[in-house]
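For reference, the chains in residue letters:
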Amino acid sequence: MTDTENLELQLNSSDETLKLGEIIGKSLNPGSIIALVGDLGAGKTVLVKGIAKGLGVQEEPNSPTFVIMNSYKGRIPLYHFDLYRLSDEEELLGIGYDEYFFGDGVAAVEWADRVQEIFPEHTIKIEISIPESDSEDSMTTRKIKLEGNKQWVLSFKNTAEQVFATWKKQGGLLSKS
C-alpha cells in the first residue's frame, strides 16, 4: 500500500480552478488517473479544462456526458470520462476503459464515485465542494480536497504554492484552509 497525503485548498474563482488544473496537468505522467467527485456545477469540467491545458491539449474539452469518454491529443493524451449517466460498470467494460486507464495517457474521470471499485491504488482523488454560505462569494468559492501518492502531493503542493504566490502578489487569489 502506498503512502498517501491529503491537501485542502480554497479557490475563489473559476480562473483559479483552471490554473489549479493546469498545474495538475503539468505534473502528471502517462498512466496517471484523476478521479473527480463533486456535485453538479461544482467545477469538475473546469478543472479538467485546466488539466488539458497543462497537458498541452489545444482543443477545449467538453464534458462527454452522453458518450462517456472523449480523447484529446497533447504532450500526453487526455482521456476525459464523464460517468454521470453510467448505468453500471459493465458499460465501462464495454468501451474498454482499462486500455485508457493503463495506457499511455492521462485519464480524468468525472463522477468517479459512481464506480469507485475500478480505480487503482495510484489514483489521484480530487473532491470539489461548494461551501454553504449566504454570501455572494459562495457562487465562486470552491473547496478542493486532493488525495494521492505522498511524493506526488508534496511535489505538487510546492509547485502550486510557487505559482499561486505569484498570483497572490497580483491580488490574493488563493487561500489555503
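Just above sits the structure.
To start, this report covers the structure provided alongside it. Values in this document were obtained by computation on a predicted structure and should not be read as measured data. (Residues numbered from 1 in each chain as written. Predicted model: local features only at pLDDT ≥ 70, side-chain atom pairs only at ≥ 80, totals over all residues. Heavy atoms only, no water.)

## Points about the packing of helix α1 (residues 14-27) against helix α2 (residues 44-54)
Then, number 1: Direction vectors running N to C along α1 and α2 enclose 45°, while the axes themselves pass 6 Å from each other. As judged from the angle between their axes, α1 and α2 are oblique. Between α1 and α2 the crossing geometry is right-handed. Contacts between α1 and α2 involve S14, T17, L18, L20, G21, E22, I24, G25 and K26 on the former and, on the latter, V46, L47, K49, G50, I51, K53 and G54. (Axes fitted to C-alpha atoms, helices over the stretch in contact; angles between N-to-C directions. Helix = DSSP H or I, 4+ residues; strand = E, 2+ residues; numbered from the N terminus. Parallel < 35°, antiparallel > 145°, perpendicular 65-115°, else oblique. Left-handed = near helix turned anticlockwise from the far one by under 90°. Contact = heavy atoms within 4.5 Å.)

## Points about the side chain of H80
Then, number 1: Inspection of the secondary structure puts H80 in strand β4 (residues 78-82).
Then, number 2: Here H80 falls in the buried class, since its relative accessible area comes to 0%.
Then, number 3: A polar atom in the side chain of H80 sits 2.6 Å from the side chain of E110.
Then, number 4: Look past the residues within four positions of H80 in its chain and what remains in contact with it is T45, V48, P61, N62, S63, P64, I68, M69, N70, Y72, A108 and E110. (Buried < 20%, exposed > 50% of the residue type's maximum accessible area, 1.4 Å probe, protein only. Polar contact = N/O pair within 3.5 Å; in protein donor to acceptor, adjacent residues only side chain to side chain.)

## Here's the deal with the packing of aromatic side chains
Then, number 1: Taken as a whole and judged by the stated rule, the model has eight aromatic pairs.
Then, number 2: Judged by centre distance (5.0 Å) and plane angle (80°), the ring pair of Y97 and F101 falls under edge-to-face. Of this pair, Y97 and F101 both sit in helix α4 (residues 97-101), four residues apart, which is roughly one turn of the helix.
Then, number 3: For Y97, a relative accessible area of 9% puts it in the buried group.
Then, number 4: Classification of F101 by relative accessible area gives buried; the value is 2%.
Then, number 5: Within the aromatic cluster, the residues linked to one another by ring pairs are Y79, F81, Y97, Y100, F101, F102 and F119.
Then, number 6: One Lys or Arg, K44, reaches over the ring of W111 and ends 4.1 Å from the middle of that ring. (Phe/Tyr/Trp six-rings, centres within 6.5 Å; stacked < 30°, edge-to-face > 60°. Lys NZ or Arg CZ within 6 Å of the ring centre and 35° of its normal.)

## Concerning the layout of surface pockets
Then, number 1: For the largest pocket, the calculated volume is near 230 Å³.
Then, number 2: A35, V37, Q116, K125 and I126 are the residues nearest the centre of the largest pocket, which is lined by 14 residues in total.
Then, number 3: Counting residues per element, the ones that place at least two in the lining of the largest pocket are β2 (33-38), β6 (124-129) and β7 (142-149).
Then, number 4: Ranked by residue count, the leading element in the lining of the largest pocket is β6, at three residues.
Then, number 5: In this structure, the second largest pocket occupies an estimated 150 Å³ of space.
Then, number 6: If you trace the second largest pocket, you find 14 residues lining it, with L40, G41, K44, T45 and E110 closest to the centre.
Then, number 7: Grouping the constituent residues of the lining of the second largest pocket by class yields five nonpolar, five polar and four charged. (1 Å grid on protein atoms, 1.4 Å probe; cavity = no way out; pocket = protein on both sides within 12 Å on 5 of 7 lines; lining within 4 Å. Points joined across faces, edges and corners; volume = space filled by probe spheres on them. Nonpolar A, V, L, I, M, F, W, Y, C, P; charged D, E, K, R; others polar.)

## Considering the nonpolar core
Then, number 1: Judged by nonpolar contacts, the single largest core of 31 residues is most densely connected at L20, I24, L28, L78, I126, L146 and F156.
Then, number 2: Sorting the residues of this core by element identifies β1 (4-11), α1, β2, α2, β5 (106-110), β6, β7 and α5 (150-169) as the ones contributing at least two each.
Then, number 3: If one sorts the elements of this core by residue count, α5 sits on top with five residues.
Then, number 4: Apart from the residues lying within four places of it in its own chain, the contact partners of L78 are V48, A52, L55, V57, P61, N70, S71, Y72, V106 and A108.
Then, number 5: One finds A35, Y79, Y97 and F101 within the second-largest nonpolar core, a separate group that totals 18 residues. (Core = buried A, V, L, I, M, F, W, Y, C linked by side-chain atoms within 4.5 Å.)

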